Each structure stands twice: as structure tokens, then as C-alpha cells.
Amino acid sequence: MAAARDRGPRPAPARPVPAWLPFLILLSALASGIRPARASGPVPSGPDREHRVKAVFLFNFAQFVEWPENVFAGPKDPLVIGVLGENPFDEFLDEVVKGESVREHPIVVMRFKRVEDIKECHVLFIGSGEAGRLDGDVAALKARKILTVGESRDFLAHGGMVLFVNEGGRVRFKINLDAVQEADLSVSSKLLRLADISGTAKE
Amino acid sequence: MRNTRMNGIGRWVHAAAIGAVLGYHSPWAQETDPLPSPAQLKRLSLEELMDVKVTLASRRAEELSRSASSIQVITRDEIRRAGIFTLPEALRLAANLQVARIDSRQWAITARGQNAALSDKLLVMIDGRSVYTPLYAGVYWDAQDMLIDNIDHIEVISGPGGALWGANAVNGVINIVTRPAEEMSGGFATAVGGTFVRDLEGVRAGGKLGKDVHFYAWSRRFRYYPSEFGDGTDAKDNWGFAQNGFRTDWTPASGDRLTVNGSIYQGRASMSPMLQTAPGQTALDGQSLQARWSRDFGEASGIEIQAYFDRTSRLIPSTFQEELRTWDFDFQHRFPLGGRNSITWGAGYRLSQDDVTNSAVLQFLPAYRDLRDLGFFVQDQIEVWPDKVRLTLGSRFQETEYSGFEAMPSARAAWNPTAGNTLWAAASRSVRAPSRIDVDFHLPPQAPGGIGIAGGPDMGSEYVNAYEAGWRTRIGASLSAALSSFYNAYSDLRVLELGPDAEAIVANGADQDIYGLEADLGWQAMPWWQFRFGATWMEKEFRYRSEAALRVPGYEGEDPDAQYSLRSSLDLPWGFTATAWVRYVSELRYPSVPYYATASLAVGWAWRNVEVSVSGQDLAERRHLEFRDGPVAREIPRSFAVRIGARF
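These notes cover the structure that comes with them.

Procedures and definitions
- Residues numbered from 1 in each chain as written.
- Chains lettered and ligands numbered in written order.
- Predicted model: local features only at pLDDT ≥ 70, side-chain atom pairs only at ≥ 80, totals over all residues.
- Heavy atoms only, no water.
- Helix = DSSP H or I, 4+ residues; strand = E, 2+ residues; numbered from the N terminus.
- Rg over C-alpha atoms; globule rule 2.2 N^0.38 Å.
- Buried < 20%, exposed > 50% of the residue type's maximum accessible area, 1.4 Å probe, protein only.
- Contact = heavy atoms within 4.5 Å.
- Areas by Shrake-Rupley, 256 points an atom, 1.4 Å probe, with all protein chains shown as cover.
- Lys, Arg positive; Asp, Glu negative; His and termini not counted.
- Charge placed at Lys NZ, Arg CZ, Asp CG, Glu CD.
- Salt bridge = Lys/Arg side-chain N within 4 Å of Asp/Glu carboxyl O.
- Pairing = 2+ DSSP bridges.
- Axes fitted to C-alpha atoms, helices over the stretch in contact; angles between N-to-C directions.

## Topic: the overall build of chain B
Right, on to step 1. The secondary structure content of chain B amounts to eight helices and 35 strands.
Right, on to step 2. Compactness check: chain B gives a C-alpha radius of gyration of 25 Å against a globular reference of 26 Å for 648 residues, within 12% of the reference.
Right, on to step 3. Counting only C-alpha atoms and orienting by the principal axes, one finds that chain B spans roughly 80 × 70 × 45 Å.
Right, on to step 4. For chain B, the residues scored as buried account for 56% of the 648 residues in total.
Right, on to step 5. Taking contacts inside chain B between residues at least 6 apart in sequence as the whole, the part at least 24 apart equals 62%.
Right, on to step 6. Surface accessibility of chain B: about 25500 Å² in total, with carbon and sulfur atoms responsible for 61%.
Right, on to step 7. Charged side chains in chain B number 66 positive and 76 negative. The centres of these two groups are separated by 6 Å.

What follows is the structure, given as C-alpha cells:
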């Protein structure tokens, strides 16, 4: 302690408040009045870019996967895209599927709080909010013919079917072919070609 | 002179204004583009959809956001918006660093204190290639650069990283990550003219060489006007730097990646006769070649092998000449173990061949030395409670040239009570292994009757026991905050002891405690308006342990007690962006530097494939002092620059 550094007297602050400071405050005040005037109108709110792209992927999956016809009660019954737990898409997914249908089945979006609430469902998105409950969720869906799509790192290991991954800032997906085939679903070769495939039933 | 330059800038502003009226949409500001609508995305094929860039941050950046350490990531977008042209300037964007500009070419950069022109406790890597010199265990900042547009992002970790990275990662680790070749097809050209950076020209061309093989090559040069002495006279330290480089990536579908990159550079710097022992220009040049291969075996396992060669040389006329050749080989393997453990282990060997030509002014004895460094590390990341509690235990063991075997253990714990909330704490020990300047250095008395300085044959490592704790959180969708606190207990720090023969000898003779706080706040006030605030506060206590130690105030480095940085970034209509940045740095005492506050402003405008920016740096004062590295300080002038860039 005796040898603690001698700090010496502090030089008195030499300068007053810089002259540009009021200018900057003024500038920010002005800036807060500025609204963007892009041709596209007001800036859209809602989900981030990543979940927008994922929403459109979910819509595409509905087109590139075939369900056994007996999962639909009637030929014009809706094809349900479900979102389990936290909904990262806001209303965006609804907008994507609005007016769309697959093989005459109109696509509808449904939200489920818990896995027990799921009755009619064909594509189910299980968000990262469910990460702690994946085992239970997937097990409960095991016997159902539902294409499960997730984004938690260990989703496939827990028996999930399609996993979104972020590769170099882009959305890619992995498919667990064993799980898909166990559920009696058939995935078009176009989708398989683009996916990173795991499972013993590799082409 | 300044008037004609301002007129030049005025013309640019005028041209920009005309373009603005035409209201073209910009392909540049991808990150700031309006979010895509359902209809826009539905039009895309599956392949196109897979190519939509959704995040700037890599998966690694996401992992880092959960990590139990104080980390800040600087993105390319932030660098571009701030109107910055060189690498050390970009590091200022990380508020957890202490960055001080010494003159037009030299910088003092550290984290968590002990800043000096020869700062020696920071590890800096460019794509995993260490750029520190074993001469003084620091970084020659004037020899590290690249086309700034090549940077993908910069990871800045304040705090010890020795457990992973080894001796020298004592106070922090900086990793500069360049963009992969598959992102770089097409051409790019840029030119800058200004009042401090005099001119800068850069070009890049990239494309596909074959199936899964991409390539880009780049070239750039720049010149700086001199800094100024306190009375406004020319410090005569104008300098220029030219560099060429390439990178190629092979990314077959198997998940492998083979990257080969290299660069070659040359620089020339003048110096004021007042600061030089002999007339002539300082000359530096270097070459590097690096190959890295990585393979993923699945989600949680993979290997990475890297080798590089780096040659760098520097000539200070009649004073010092050095040629350093570095050969480095690293191996890393990670794999899951029993569901909850993720093991990473690796080994590295580095041979540095340092060849100095001695002068009457200063000498390294022996003039030539092979420095060998062999390291091994292992780390286990344990999911104690999956997605809630994580524990990371690890250590590096290293055999260094001067001090022999060293162990650098670390324990880190992170708790995520809710998604988006991370509380973390860590305890680590890191080592600063002696470098040539500690052991081999000889500086004869500079004046008759004065004393010389000699390296200490018994100089050993400097140690730190570092304790950290922090909190990272997201509040709603628009606010993110990170707060880190640290307490560093250093021991065996370097001092000068008065030896026989009127010589000061380097020895381990002091301890120091440094404790402080770091804050990093981001606020997306509006989709088009973003703020980032950063601050550091520090308290230090230095104790001489050696009776024989010469009391040289400031010898252990000097840092501001507080520094603040606030940046506001706006997306304006018609492709304009505006970034305002204010910084405050409190005074330094030994040697004395008054506090300063300064501001910079950059306005960018993008139209089709062309981008123009006008920036003013350090606007608050005609000139200001940031750091003293000797008796005659240089000051940094207020400056303006215009940049134009085009992609094709």
C-alpha cells in the first residue's frame, strides 16, 4: 500500500461544454420528426426477416409433402398449418396462406398453446420456446401424421422431422427421413434434393 | 486549400441531393431494406428462398450471445455507416476496448486497461491468424489492414481468453472475420479522398472457379496526411500503405470447407526529425499465406485444421531492422459426450524466427532467435440444465520459449433464467509470457551520464487472476443491454530495477488490481433509427513489490477512468443514412493527456449499385491529443472525407 502510485494533483478541467453539443441535440430533435418516405409506405412491423422466410418455407412444405388421403375427412377439408406455443410469425403466416390451397384443400393457420390442444393438424411448427418440452411434444405427436418442423438445435435428435438451420445467415433445412417415413408422409424429391438429410433411409 | 476541398464535398452533396429527388431504391442497404412482404417471398423458388439472407449474425455470433463472457460484435454495416476506412478505427466501434490514436499511423489499443504504444496483453487474430509480434508481444497496427469491405464482422472479447487461446490473451481477444468467397462474386471498386486520410483506392473481383469453388482477389492502397504537433505545426508523419490479397473457399456438399487466403503488403512512413535518430523513412513489408480446413460431422462435432506462414519486416533507419517469419499449425476437434457435454480440444505449434539487425541505438541480444511455442487445450461445455444452466471448464497448457510450462485454467457459468436473459460469471487465470523486449533487449544510455535499459535474463511471465460477472438481456423487441464487471488481480508485472553498471534491468516486480464495469446498450427506437451506447469505468491500484524497482509513473500503461460512446444511426428516405457518434474519454495522468470529447458524422447515400458517403471525424476541435508515447506528442486533426463505392 505504501507504494501505491502517487496520483498527483488533477489538472483542472480546461474546457467548457463543447459548442457542438446543443447542435447535436437539435439535430436529434429534428431527426425525430423525420418519417421514412419509402415507396412501400409505412415500414411494416411484425416478424423479423428470418421468420418471414420460415413462414414461406412452411407454406412450401405443405405443397411438397403428401399426406395419406385418409388424414382429411373430406376432399375439400382444410390443410392445417399449426404453430405450437410461442408464435414468432405474428399474422405473417396467415397472410402467406390467405386464399391458398393444396390439392383443393384450403390452407388455414391454427395456433396451439399446448400439444394436447392439437386436433386437426398437418404441418406443425414447434418454435424455440418449446425447447425444454421437445421430448414430450414430439412423443405426443408420434402416432399422428403431422409434419413437425422446428428450429431448436436438437430438434431432430428428439424425433422432429424438419429442422430449420441458419447457415451463413440463410435459412436452410435438415430432414430426418426416418421420422418422416415412420409417420407415413412422403416428401417430394425436389425438397429432399435441397435438404440436408439425416437418418438411415438416405437415398 | 481547405476551401477547395470543401467545395469538392459541396459538389458531392449537391449530386447526392439530385439523386435523392429521383428516389431510387438501393440494393446496398440489404440489412436496412424494408422487410419482405408475403407476396414478394412467395414469388421465389425454393432455391431462391434458401438464398435470402436473413441475419447478419452468424451462428457463431448467436452462440456468442449466450456465452459467459463480455463480448461485443462489430458488424460490417456498423463500420460502413460510421464512415471508417481502416481497421484500428473500426475497433473504436467496440466500446469494451480502449483505443487511442497516437499519430497518423500508430495506435495504442487494449481492453481492461494497461494501454501503451506497446500494449502487450491483447490477442489479435485475422481469420484465426495471430498478428501479434513476439518482439514485444503486441501488435504493429500499421501493418494490419485489409479492404474494409472484406470484413464480415469483428468479435471483441474483453477479459481473459487464455484457456482457449493461450499466453497473451490476457486482457482481451479480437478476432477479425473476413467474408467467405461465395459471398463475393462480382466486382467492387472504392475511392476515398479526404483531409487526413489523403486518398484510398480499392478494387476487388470475385467469382466462381468451378463447382463449389469461389475466389476473390483484392488490392488497395492508401495515404495519410501527417498529424499535428500541439502548436498546429506539421508532425511530418505522413505515410502510405499498399496491400493485395486473395481468398478462395471450397465448399463441397459434404459440409467441408477449405479456405486458402493470403496477402502481401508494403508501407512507407515518414517521421518528424525531432522524433528520429536518423533521417529516412520507416519501411515495412510482409506476406502471409494461410490454409484452413474444417469438416462438420453433424450438429455438434467437427474438426478444424489450420496452417499459416507469415513474414513481416520493418526497417527504422539507423535504429532497428527486423525480419520475423512465423510458422503456425493448429488443430481443433469438438464432439458431444454423453448428451450433456460438449468437448473441444486442440493443439497448436508455432515457430517464430526473429532476425534483428542491431544498431548503436538499440539492440536485441542475440540478434537472431527461434521462439517455439507448443500449446494444448481442452474445454468441456456442460449443459447442467439444458437451455438454462451451462458450465464451461477448460484450460490451456503451454510450453513457451522463455518461461517454460504455463497452465491457464478457466471456469465459466451461464444461467438463462428466461429466454433472452443471461447471467454469467467466470474465474480465469491468464499468462503474459515474456517476449524478446523483456529478455533480449538492450538500450544503451541515450545521453552521457544517463542509464541504459537491459532485458532481464530472469524475467518470467506476468499473471492475472481474473474474476468477472455479467448480465445480458433483451427488453422487448427493441432494447438489448449487456453489463459486465471485472476484477483483475495481476502479479509479477514488469518493472525496471536499477542494476549495477548504471543499467535498468527488466524484472517481475509489481502487482496491480484493476476493477471496472463495461456497458453496451442497443436500442432500435424505430425500425429506421438505432442507438448504441457503450461505456467503461475503471479503477486501478499499482503496487511495487520490488525494493529495487525504479518508480516510473505510467510504466505499466495508462487508461481513462471512464469513457463513453453514443452512436445514432438513421435510415432516411431515398437511400440516405446518417450516423452521428459522440465519444468522451477521461484524462490520462502519466503521461498527462487531458480529457477529450469529440463527435463524428457520416452521411451515406446509395443509388442502384453506387454508394457515396461524406464523413467528418473528430469534429469537436481543430485537433486533439489522445495518447503520448514520448516527449513530443502528436495530435489528431479534425478531418473530412468523401468516399465513393460501386459494385458491378
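## Describing the pattern of salt bridges
Residue and element names in this part refer to chain B.
Right, on to step 1. Within the structure shown, the criterion is met by 68 salt bridges over all chains.
Right, on to step 2. Residues D310 and R129 are paired through a salt bridge, measuring 2.7 Å at the closest nitrogen-oxygen approach. Linking D310 in strand β15 (residues 302–316) with R129 in strand β5 (residues 129–130), this pair joins segments that are 181 residues apart in sequence. The same class applies to D310 as to R129, namely buried.
Right, on to step 3. For D256, the salt bridge goes to R295, with nearest N and O atoms at 3.0 Å. With D256 in strand β13 (residues 256–269) and R295 in strand β14 (residues 282–296), this pair connects stretches of sequence that are 39 residues apart.
Right, on to step 4. Classification of D256 by relative accessible area gives buried; the value is 7%.

## Quick word on the sheet that holds strand β7 (residues 162–167) of chain A
Residue and element names in this part refer to chain A.
Right, on to step 1. With respect to topology, eight strands assemble into an open sheet ordered β3-β4-β2-β5-β6-β7-β8-β10, the strand pairing being mixed. What marks the edges here is a single partner per strand, and that holds for β3 (101–102) and β10 (196–198).
Right, on to step 2. Looking at chain direction, strand β5 (residues 123–126) and strand β6 (residues 147–150) are connected through four bridges and run parallel. Looking at β6, one finds that F125 is bridged to V149.
Right, on to step 3. Along the sheet, helix α4 (residues 134–141) contacts β2 (79–84), β5 and β6; its crossing angle with β5, the most-contacted strand, is approximately 170°.

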